[in-house]
Amino acid sequence: MKTDDLVAALSTRIEPVNRRLVNWTMGIALLAAAVVALGLMLAGLGSGRTS
Amino acid sequence: MTARALTFLVLKLAFAVGVVGVSSIYLMRLTRPGGERRTSSIRIMMPFAAIVLLAAVSLGLAPSSHWDEMVMGDQWLECLLSIPIIAIAPFAIIVAAMRKAAPTSLERTGAFAGLIAGGVSAMGYALHCTDDSLPFIAIWYGGTMLLCTLAGAALGHGYYVGRGAPAAFTSA
């Protein structure tokens, strides 16, 4: 592929990224990560503070 | 729970929340192409610098005969194993979400994903851990988070390379 063809291919059908959607996805992922980590830790080891 | 135990629990959580909070801000920047140019890794060192400083002061104020106990505690091995193992699932969730974005610095993105995963894992582990000393938190909590960061940098790059470019790049 020639450079001009590559540039043309890259510049067609460009759609803007929905920033809000990306931020929401990341936010939900971070929340889910925290909940999963907490759940796994409590399920696997329990709370040493209350035992 | 005693006041001392509660104080150390709050300290551990504050350290982990600080790391997760700052690194989350950077990870959000890395979701966009070129985000690494606006991402300095200096600020992320601040929670680590703070806990190391507190640990050094704590060791300085304690007699040297107590240092071994303060550093190693009773659960150093459990801490060393638990935080990285529990961090695997959060890391997978974060990397899966990052594939909806378009990071261009894969190692750095993986490193921050690993750091966040280690941080949330440390938050969970803090509820279980009963070793209450600042040097223990600095070395074993901080060390395992850095371990997760290194693993994330290596795995993040491998994951993207192995699975192809992010969707945002291939859809154009």
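Residues numbered from 1 in each chain as written. Chains lettered and ligands numbered in written order. Predicted model: local features only at pLDDT ≥ 70, side-chain atom pairs only at ≥ 80, totals over all residues. Heavy atoms only, no water.

Draft legend 1. Expanded view of the overall build of chain A. A count of helices and strands for chain A gives two helices and zero strands. Within chain A, buried positions represent 18% of all 51 residues. Of the accessible surface of chain A, which amounts to about 3,900 Å², a share of 64% is contributed by carbon and sulfur atoms. (Helix = DSSP H or I, 4+ residues; strand = E, 2+ residues; numbered from the N terminus. Buried < 20%, exposed > 50% of the residue type's maximum accessible area, 1.4 Å probe, protein only. Areas by Shrake-Rupley, 256 points an atom, 1.4 Å probe, with all protein chains shown as cover.)

Draft legend 2. Structural view of the interface of chain B and chain A. Across the boundary between the two partners, chain B contributes 33 residues, which contact 23 residues of chain A. Carbon and sulfur atoms make up 74% of the surface buried where chain B meets chain A, a total of about 2,300 Å² over both sides. The interface formed by chain B and chain A includes zero salt bridges. Our count for the contact surface shared by chain B and chain A stands at zero residue pairs in polar contact (both at pLDDT 80 or more). If you list the elements that add at least two residues to the side of chain B that touches chain A, you get helix H1 (3-30), helix H4 (76-86), helix H5 (88-98) and helix H6 (106-128) of chain B. A per-element tally of the side of chain B that touches chain A places H6 of chain B first, with eight residues. (Contact = heavy atoms within 4.5 Å. Buried area = accessible area lost by both parts, 1.4 Å probe. Salt bridge = Lys/Arg side-chain N within 4 Å of Asp/Glu carboxyl O. Polar contact = N/O pair within 3.5 Å; in protein donor to acceptor, adjacent residues only side chain to side chain.)

Draft legend 3. Quick look at the environment of Asp132 of chain B. All names here are of chain B. Here Asp132 lies in the loop between H6 and helix H7 (134-163). Given the relative accessible area of 15%, Asp132 is considered buried. Note: C-alpha distance between Asp132 and Leu11 (121 residues apart in sequence) is 9.6 Å.

Draft legend 4. Region of interest: the nonpolar core. Core analysis: the biggest nonpolar cluster contains 49 residues, and Met26 of chain A together with Phe15, Ile94, Tyr141 and Met145 of chain B have the highest contact counts within it. Of all the elements in the fold, those that place two or more residues in this core are helix H2 (19-44) of chain A together with H1, helix H2 (45-61), H4, H5, H6 and H7 of chain B. In contact with Met26 of chain A, not counting residues within four places along its chain, are Leu27, Met28, Thr31, Ile94, Ala97 and Met98 of chain B. (Core = buried A, V, L, I, M, F, W, Y, C linked by side-chain atoms within 4.5 Å.)

Draft legend 5. The packing of aromatic side chains, seen in detail. Residues and elements named next belong to chain B. Under the counting rule described, the total for this entry stands at five aromatic pairs over all chains. Seen from their ring centres, Phe15 and Phe48 are 5.5 Å apart, and the 90° between their planes marks the pair as edge-to-face. With Phe15 in helix H1 and Phe48 in helix H2, this pair connects stretches of sequence that are 33 residues apart. On the accessibility criterion, Phe15 (5% relative accessible area) is buried. Measuring from centroid to centroid gives 6.4 Å for Phe136 and Tyr141, while their planes differ by 65°, and the two rings are edge-to-face. Residue Tyr141 is classed as buried on the basis of its relative accessible area, which comes to 0%. An aromatic cluster is built from Tyr125, Phe136 and Tyr141, whose rings are joined through pairwise contacts. (Phe/Tyr/Trp six-rings, centres within 6.5 Å; stacked < 30°, edge-to-face > 60°.)

Draft legend 6. Region of interest: H4 of chain B. Those residues of H4 of chain B not exposed but buried are Cys79, Ser82, Ile83 and Ile86 of chain B. The buried residues of H4 of chain B occupy an angular sector of 95° when projected down its axis, which confines them to one face. (Arc of directions from axis to C-beta.)

Draft legend 7. Examining the packing of H5 of chain B against H6 of chain B more closely. All names here are of chain B. Relative to each other, H5 and H6 sit at 140°, their axes nearing to 8 Å. In terms of their interaxial angle, H5 and H6 are classed as oblique. For H5 against H6, the interelement crossing comes out right-handed. Note on element contacts: H6 touches H5 through Thr109, Gly110, Ala113, Gly114, Ile116, Ala117 and Val120, opposite Pro90, Phe91, Ile94, Val95 and Met98. (Axes fitted to C-alpha atoms, helices over the stretch in contact; angles between N-to-C directions. Parallel < 35°, antiparallel > 145°, perpendicular 65-115°, else oblique. Left-handed = near helix turned anticlockwise from the far one by under 90°.)

Draft legend 8. Seen up close, H2 of chain A. Helix length check: H2 of chain A (26 residues) gives 37 Å between terminal C-alpha atoms against 38 Å at 1.5 Å per residue, within 8%. The set of residues buried in H2 of chain A consists of Val22, Met26, Ala29, Leu30, Ala33, Ala37 and Met41 of chain A. Check the buried side of H2 of chain A and you find it contacts H1, H4, H5 and H6 of chain B. Gly46 of chain A sits one or two positions beyond H2 of chain A and adopts a positive phi of about 75°. (Expected span 1.5 Å × (residues − 1).)

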